[in-house]
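What follows is each chain in one-letter form.
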Amino acid sequence: MSVLGIGISYGLATLFAMFSGMPIAFALGAVAVVFMAIYMPTASLDTVTQNVYEEMASITLLSIPLFILKGAAIGKSRAGQDLYSALHAWLHRVPGGLGVANVFACALFAAMAGSSPATCSAIGSAGIPEMRKRGYSGGFAAGIIAAGGTLGILLPPSITMILFAVASEKSLGRLFLAGIGPGLLLVTLFGVYAVYRFRKEYAAARAAYDATGADSAILQRDEFTMADRFNALPRVLPFVLLLTGVMIALYGGYATPSETAGLGGLLALGLIALIYSVWRPSDLEPILKSTIRELTMLMMIIGMSLLYSYVMSYLHISQSAAEAIVAMHLPRWELLVAILLMVVVLGFFLPPVSIILMTAPIILPPLRAANFDIIWFGVVMTIVMEMGLIHPPVGLNIFVIRNVAPDIPLSEVIWGTLPFVLLMMLAVLLLCFFPGISTWLPNLVMGPEGAR
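Within every chain, residues take consecutive numbers counted from 1 along the sequence as written. Reporting of local features is limited, given that this is a predicted model, to residues whose pLDDT is at least 70; pairs of side-chain atoms are given and counted only at 80 or more, and all residues count toward the totals for whole chains, interfaces and linings. Side-chain metrics in this entry use all non-hydrogen atoms of the structure; hydrogen atoms and water are not considered.

Student: Tell me about the overall build of the chain, residues and numbers included.
Tutor: Regarding its fold elements, the chain presents 20 helices and zero strands. In this description the radius of gyration comes from C-alpha coordinates, and the expected globular size is given by 2.2 Å times residues to the power 0.38. Radius of gyration (C-alpha) of the chain: 23 Å, near the 22 Å computed for a compact globule of 452 residues. The rule is simple: take the accessible area with a 1.4 Å probe, protein chains only, and divide by the maximum for that residue type; under 20% is buried, over 50% is exposed, in between is partly exposed. Looking at the chain residue by residue over its 452 residues, the buried ones come to 52%. Any two residues having at least one pair of non-hydrogen atoms within 4.5 Å are treated as being in contact. Sequence separation of 24 or more characterises 76% of the internal contacts of the chain that already satisfy a separation of 6 or more. Total accessible area computed for the chain in this model is approximately 19600 Å², and 68% of it derives from carbon and sulfur atoms. Working convention for charge: Lys and Arg count positive, Asp and Glu count negative, and His plus the chain ends are omitted. Where a charge lies is defined by one atom per residue type: Lys uses NZ, Arg uses CZ, Asp uses CG and Glu uses CD. Here the chain contributes 23 positive and 23 negative side-chain charges, whose respective centroids are spaced 8 Å apart. Think of it this way: any DSSP run of H or I at least four residues long counts as a helix, any run of E at least two long counts as a strand, and we number them from the N terminus. Values of accessible area rely on a 1.4 Å probe in the Shrake-Rupley scheme; residue burial ignores everything except the protein chains shown.

Encoded structure:
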């Protein structure tokens, strides 16, 4: 069979396995093993475990379980709720301040956890009930948390960016720094939209009150004294110190990414032990269980995705796909659009981890040939994959929100996230026209790429 025929059958078999309801890791692994048995030497089946081990034997991947531990330590304690409450106390005078507080809480938590589902769960469990209680519509409240949670794969430390650094063989520190500017851009866009949407819902509630006398909770305002605000500061400062300490260790050259992840995990455990007295085995049990559960799922997906990519490469599927894209001789920007559209379509069905590991061998060679900055592209691709987290049919964050707030209909959640998808598209366009948004910070801190 020709490479084209093998490639088409490989893709169709993958889609069939995915739609069968099989877990993603087992679907990818099963397809890879079946095609190894059919098209590769029989002896190759004896090396499946060896191949998976060799592909995963990366010191960079070691940082993933440690970052997951850090996120679980904060997410499974009262830390997330306290962080959100403190931000609300300071932002309550801003129109839509509660929504803006949730955006900032998601950003800060994402910068400590590195995981989108963890951010959604930790901030959403406190933020959504508070917004609903104050009259925010269900779709608005769910959209803010679902979109804010996506920042977990953009703001460092990001597990997705760790994998992109491995796949592209680029500096993880430079990639982390490149995500900060676009991350702050998205925080700003989300915050501005939260203010706009609040004003719109507030005006509708005011018009209904003037016409019928029907009162709404959104018309009421919370009041915090200056003493209340300053009393809330101690809830935020430890997490700012944690984030600052991790960033100084990483970008100051004092620790490698893996060592920084370990430092962050230990600091997070020490933080919740000192502030929340979470140190007994019964207190630590849910944290360790959550870490092991998420880590096992994630590492299985990574291992099977790497095996899947290895089989693609051995059968020359990825090389042929890259050659076909190059042979089309698309102008560089049309090439970028075609690749990003492919990532969007894959985002309908796959999580970011699988997308990166499955597509990197195909898309990176043509992008390098077109002289695109791979670090810049990693940031753009991450934002595009963020969209996949909040649009159906998979939309992982959508289902996390459904677990956190089961009283909000799924249709409301989906409609509530769509404006944020459009804002992410706007961010991608801005990055295309102004690439310096992502490149200025790594160039400032680490110098131009290739200068060292």
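Student: Give me the lowdown on the layout of surface pockets, citing residues and values where you can.
Tutor: A pocket, in this scheme, is an open set of points on a 1 Å grid over the protein atoms alone with protein on both sides within 12 Å along at least 5 of 7 lines, while a cavity is a set where a 1.4 Å probe fits but cannot get out; residues line either one if an atom lies within 4 Å of a point. Grid points are joined across faces, edges and corners, and a volume is the space filled by probe spheres set on the points. Quantified by volume, the second largest pocket comes out at close to 600 Å³. Note that Gly is not counted as nonpolar here; it falls among the polar residues with everything else outside the nonpolar set of Ala, Val, Leu, Ile, Met, Phe, Trp, Tyr, Cys and Pro and the charged set of Asp, Glu, Lys and Arg. Among the residues forming the lining of the second largest pocket, the class breakdown is 19 nonpolar, five polar and no charged.

Student: Please provide a residue-by-residue account of the side chain of T14, values included.
Tutor: Inspection of the secondary structure puts T14 in helix α1 (residues 3–19). T14 gets classed as buried once you look at its relative accessible area, which sits at 8%. Each residue touching T14, except ones within four places of it in the same chain, is listed here: L28, V31 and Y308.

Student: Which residues make up α1, and what values go with them?
Tutor: Count 3.6 residues to each turn of an α-helix, and residues three or four apart come out pointing the same way. The end-to-end C-alpha distance of α1 is 24 Å, a good match for the 24 Å that 17 residues give at a rise of 1.5 Å each. Taken as a whole, α1 has its buried residues at I6, G7, Y10, T14, A17 and M18. Within α1, the buried residues cover an arc of 105° as seen down the axis, which keeps them to one side. Those residues of α1 that are exposed and aimed more than 90 degrees away from the buried face are L4, L12, F16 and F19. Phi turns positive one or two residues past the end of α1, at G21, with a value near 90°. A helix is expected to span 1.5 Å for every residue after the first. Note that the arc is defined by the directions from the helix axis to the C-beta atoms.

Student: Outline the nonpolar core, listing residues and values.
Tutor: In terms of nonpolar packing, the biggest core is built from 144 residues, with Y10, I64, L186, F190, I302, F377 and M381 touching the most fellow members. The dominant element in this core, judged by the number of residues it contributes, is helix α10 (residues 172–212), at 14 residues. Here, nonpolar core refers to any group of buried Ala, Val, Leu, Ile, Met, Phe, Trp, Tyr and Cys residues whose side-chain atoms link them within 4.5 Å.

Student: I'd like a rundown of a nonpolar patch on the surface, residues and numbers included.
Tutor: Two distance rules govern patches: like charges are joined within 9 Å, and nonpolar side chains (Val, Leu, Ile, Met, Phe, Trp, Tyr) within 5 Å, applied only to residues with over 30% relative accessible area and no salt bridge. Whenever Lys or Arg places a side-chain nitrogen within 4 Å of a carboxyl oxygen from Asp or Glu, that contact is recorded as a salt bridge. Where nonpolar side chains cluster on the molecular surface, the patch consists of L4, I8, L12, L15 and F19 and spans about 540 Å² of accessible area. Checked against the element boundaries, L15 lands in helix α1. Judged by its relative accessible area of 39%, L15 falls in the partly exposed class.

Student: Give me the pattern of salt bridges: which residues, what numbers.
Tutor: Under the criterion given, the structure shown has four salt bridges. Salt-bridge contacts for R132 lead to D407; the nearest nitrogen and oxygen are separated by 3.2 Å. On the criterion of sequence distance, the pair formed by R132 in helix α7 (residues 116–133) and D407 in the loop between α18 (396–404) and α19 (410–433) is long-range, its members being 275 residues apart. Under the relative-accessibility criterion, R132 is labelled partly exposed at 34%.

That is the geometry; function is a separate question.
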